[in-house]
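# Summary of the model geometry
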Amino acid sequence: MGITDDFRVSGLKFPDGFVFGAATAAYQIEGAATEDGRGPSIWDTFSHVPGNVENGDTGDVAIDFYHRVDEDLDLVKSLGLSAYRLSIAWPRILPAGTGEINEAGLAFYEKVVDGLIARGIEPIVTLYHWDLPQPLEDRGGWTTRETSYAFAEYARVVGRRLGDRVAVWTTLNEPWCSAYLGYASGNHAPGRRSEIGALQAVHHLNLAHGLALIELRKVVKRPDAKFSVTNNLAMTYAADPANPEDVDAKRQLDALQNRAFTDPQLRGFYPHDLLMDTKHITDWSFVQDGDLELINQPIDIVGINYYCTGTVRRGPEHPTEGTVHPGAACVESVEQPGPYTEMGWNVAPQGLYDLLVATHEAYPEFEIMVTENGAAYRDELVEEDGVKRVHDPERVDYLQRHLVSAHRAIEAGVPLTGYFAWSLMDNFEWAFGYSKRFGIVYVDYATQERTKKDSALWYEKLAETGVIPEA
Ligand code: IFM
């Protein structure tokens, strides 16, 4: 599936009330890593180990959001966005992961949330976007159930403080990354390489999600608050749909990437094929009686982060030590047709449509939001007649095509109610450090000056009119 002009369309109108927002995450933007009582997270530890992050970059300062809240929220306001998706840093709230509460951390997020509300912007809060308190990792991290219970404690503390104001509570962001990149391939913090550890992490993240929802529902006071989880669901195709081996490779990856999360979260079971495909690694006895009922709590919104597609075929067995997916020894990825973004990810708007439709078909009762979508490109700041600008036509094109895709999904009956651009501003792109720019707003890392890129101006028009502008 290459790219065609089929998605280069303007003039389509989104339904009234459709949410146009932008997303960020705490460690990627805040900085102030040791200020006001914040404890260390696994990303502080990981990024300080030479060789883990490109250029030795860390989130110590990031884009200094911690000290620029008003300026940055004014920016969100000036873009006309009706919602802002942020994440809360667990180690700012409970520096040791459990126990003592850091009042300054709660006060900081209260300032952010109140600042949004004062500007007429809905706060959409994610509790876990990968910054696990280091003391919990030292006791086993996501390979132990203690971490799931610690997460519930943290959710209760935040929910008690902000539960009268937050519009949408999201438990986890992309547990696929936390489990497989964190514990199988080791590309992300905490940088472990253990197939069984990664599968334990899958389960304990799911358990954390359910336990947190139970606590949140006890303390959240805003009557119209909604509850959700965000998964980076993968849209994977079989290289040859007529070849049962390739179709089976796709099924296998779908179980590991998607259903390992959505089935327990939304249906209360682990897929039988997942358990069979991984039985040489574990008997899953870490799933205790009652866990699946705890995980399968009611939610309102299924959040989906989408960037690109994958295609797989059945291949010869390869070593799985250090690869991303435990138990997928005979699954081979096929190169995707371009164009590609700076991440090397293919631009595939049809994939977003297919994913939204497939998710809706599998889980029809849930409202869906695209909680992240966007692209990294090599942006350059230029000065024209004394005005700073960033011309990023490829990103405008990417956003237009994916919004057209989202619009088509709505027309096909998908209850899609919101779209969040990743990201509001350039920021710390995990193992890539500051080398990849995803923002619709450019950040000059030397001065921390923010400049709206052309894509921000384009998105602003969309937010204002609800109509997809010309690219
Ligand atoms: O930057 C990340 C974000 O933290 C999670 N989703 C994918 C983005 C781009 O890689």
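Read on for an overview of the structure. Since we're looking at a predicted model, the values are computed, not measured.

### Here's the deal with empty space enclosed by the protein
As enumerated under the stated definition, the model contains 4 cavities of 30 Å³ or more in all. By volume, the largest cavity amounts to about 60 Å³. Looking at the lining of the largest cavity, the elements with two or more residues in it are helix H2 (42-47) and helix H8 (175-183). Considering each element in turn, the lining of the largest cavity owes the most residues, 3 residues, to H8.

### Observations concerning the side chain of Arg259
On the secondary structure map, Arg259 appears in helix H10 (residues 244-267). Polar side-chain contacts of Arg259 include one of 3.2 Å to the backbone oxygen of Arg251.

### A closer look at the pairing of strand S8 (residues 309-314)
Sheet topology note: the strand S6 (residues 235-238)/S8 ladder contains 4 bridges and is parallel. Within the sheet, the bridge partner assigned to Tyr237 lies in S8 and is Thr311. For S8 and strand S9 (residues 331-334), the ladder comprises 4 bridges, and the chain directions are antiparallel. Along S9, the bridge assignment pairs Arg313 with Glu332.

### Focus on the site of the ligand
Inspection of the region around the ligand gives Gln28, His129, Trp130, Asn173, Glu174, Tyr307, Trp345, Glu372, Trp422, Glu429, Trp430 and Phe438 as its neighbouring residues. With respect to the ligand, the side chain of Trp430 contributes an N or O atom lying 2.8 Å from an oxygen atom. In isolation the ligand exposes 280 Å². Once the protein is present, 95% of that is buried. Counted by class, the shell around the ligand contains 6 nonpolar, 3 polar and 3 charged residues.

### Overview of the pattern of salt bridges
Following the criterion strictly, the structure yields 45 salt bridges and no others. Overlapping salt bridges bring together Glu245, Asp248, Arg251, Asp254, Arg259, Asp273, Asp277 and Arg314 as one network.

### Digging into the environment of Ala260
Inspection of the secondary structure assignment puts Ala260 in helix H10. Here Ala260 falls in the buried class, since its relative accessible area comes to 1%. Note: C-alpha distance between Ala260 and Leu403 (143 residues apart in sequence) is 28 Å. The contacts of Ala260, once residues within four sequence positions are left out, are Tyr180, Val202, Asn206, Ala255, Tyr270, Pro271 and Leu274.

### Things to note about the layout of surface pockets
If you roll a probe as big as a water molecule over the atoms, it shows you where there is empty space left. Of the volumes computed, that of the largest pocket is approximately 1300 Å³. Forming the walls of the largest pocket are 49 residues, and the residues nearest its centre are Trp176, Asn232, Gln257, Cys308 and Trp345. When its residues are assigned to classes, the lining of the largest pocket shows 24 nonpolar, 20 polar and 5 charged.

### Examining unusual backbone geometry
Most peptide bonds adopt trans geometry, and most residues besides glycine take a negative phi value. With an omega of 5°, the peptide bond running from Ala189 to Pro190 counts as cis. Mapped onto the secondary structure, Pro190 falls in the loop between H8 and helix H9 (195-219). Following Trp422, the chain continues to Ser423 via a peptide bond in cis, the omega torsion being 5°. Within the secondary structure, Ser423 is located in the loop between strand S13 (416-422) and strand S14 (441-444). One non-glycine residue, Ala32, adopts positive backbone phi at about 50°. Here Ala32 lies in the loop between helix H1 (26-29) and H2. Here the phi dihedral of Asp64 falls at roughly 60°; this positive angle occurs in a residue that is not glycine. With respect to the helices and strands, the residue Asp64 is situated in the loop between H2 and helix H3 (69-78). Residue classification places Asp64 among the buried residues on the basis of a relative accessible area of 13%.

### Focus: the sheet that holds S9
One open sheet holds the 3 strands; their spatial order is S6-S8-S9, and the pairing between them is mixed. Across the chains shown, the open sheet's two edge strands, defined by having one partner strand only, are S6 and S9. Taken over all neighbouring pairs, the strand axes of this sheet differ in orientation by 40° on average, direction set aside. The strands touched by H10 within the sheet are S6, S8 and S9, with S8 carrying the most contacts at an inclination of about 130°. Across the sheet, helix H13 (residues 349-362) touches S6 and S8, and the angle it forms with S6 is around 100°.

### Some thoughts on the pairing of strand S2 (residues 83-87)
In terms of residue burial, S2 counts as a mostly covered element, since 5 of its 5 residues are buried. Burial along S2 is two-sided: the face carrying Ala83, Arg85 and Ser87 and the face carrying Tyr84 and Leu86 are both buried. Pairing of strand S1 (residues 19-23) with S2 involves 3 bridges; the strand directions are parallel. Bridge assignment links Ala23 to a residue of S2, and that residue is Arg85. Strand direction decides the pairing type here: S2 and strand S3 (residues 122-128), joined by 5 bridges, are parallel. Looking at the pairing, Leu86 lines up with Val125 of S3.

### Observations concerning the packing of H8 against H9
Describing two packed helices takes the angle between their axes plus the distance from one axis to the other. Two elements in contact, H8 and H9, have axes whose closest approach is 8 Å; the angle formed by their N-to-C orientations is 155°. Taken as axis vectors, H8 and H9 run roughly antiparallel relative to one another. Crossing angle aside, the handedness with which H8 passes H9 is right-handed. Residues Pro175, Ser178, Ala179, Tyr180 and Tyr183 of H8 form the contact with H9, whose own contacting residues are Gly197, Ala198, Leu199, Ala201, Val202 and Leu205. Of the residues belonging to the contact of H8 with H9, the class tally is 9 nonpolar, 2 polar and no charged.

### Let's talk about the side chain of Ser87
In this structure, Ser87 sits in strand S2. There is a polar contact of 2.8 Å between the side chain of Ser87 and the backbone nitrogen of Ala26. In contact with Ser87, other than residues within four places in its own chain, are Thr24, Ala25, Ala26, Glu30, Tyr109, Thr126 and His129.

Conventions and cut-offs
- Residues numbered from 1 in each chain as written.
- Predicted model: local features only at pLDDT ≥ 70, side-chain atom pairs only at ≥ 80, totals over all residues.
- Heavy atoms only, no water.
- 1 Å grid on protein atoms, 1.4 Å probe; cavity = no way out; pocket = protein on both sides within 12 Å on 5 of 7 lines; lining within 4 Å.
- Points joined across faces, edges and corners; volume = space filled by probe spheres on them.
- Helix = DSSP H or I, 4+ residues; strand = E, 2+ residues; numbered from the N terminus.
- Polar contact = N/O pair within 3.5 Å; in protein donor to acceptor, adjacent residues only side chain to side chain.
- Pairing = 2+ DSSP bridges.
- Near = heavy atom within 4 Å.
- Areas by Shrake-Rupley, 256 points an atom, 1.4 Å probe, with all protein chains shown as cover.
- Nonpolar A, V, L, I, M, F, W, Y, C, P; charged D, E, K, R; others polar.
- Salt bridge = Lys/Arg side-chain N within 4 Å of Asp/Glu carboxyl O.
- Buried < 20%, exposed > 50% of the residue type's maximum accessible area, 1.4 Å probe, protein only.
- Contact = heavy atoms within 4.5 Å.
- Axes fitted to C-alpha atoms, helices over the stretch in contact; angles between N-to-C directions.
- Parallel < 35°, antiparallel > 145°, perpendicular 65-115°, else oblique.
- Left-handed = near helix turned anticlockwise from the far one by under 90°.

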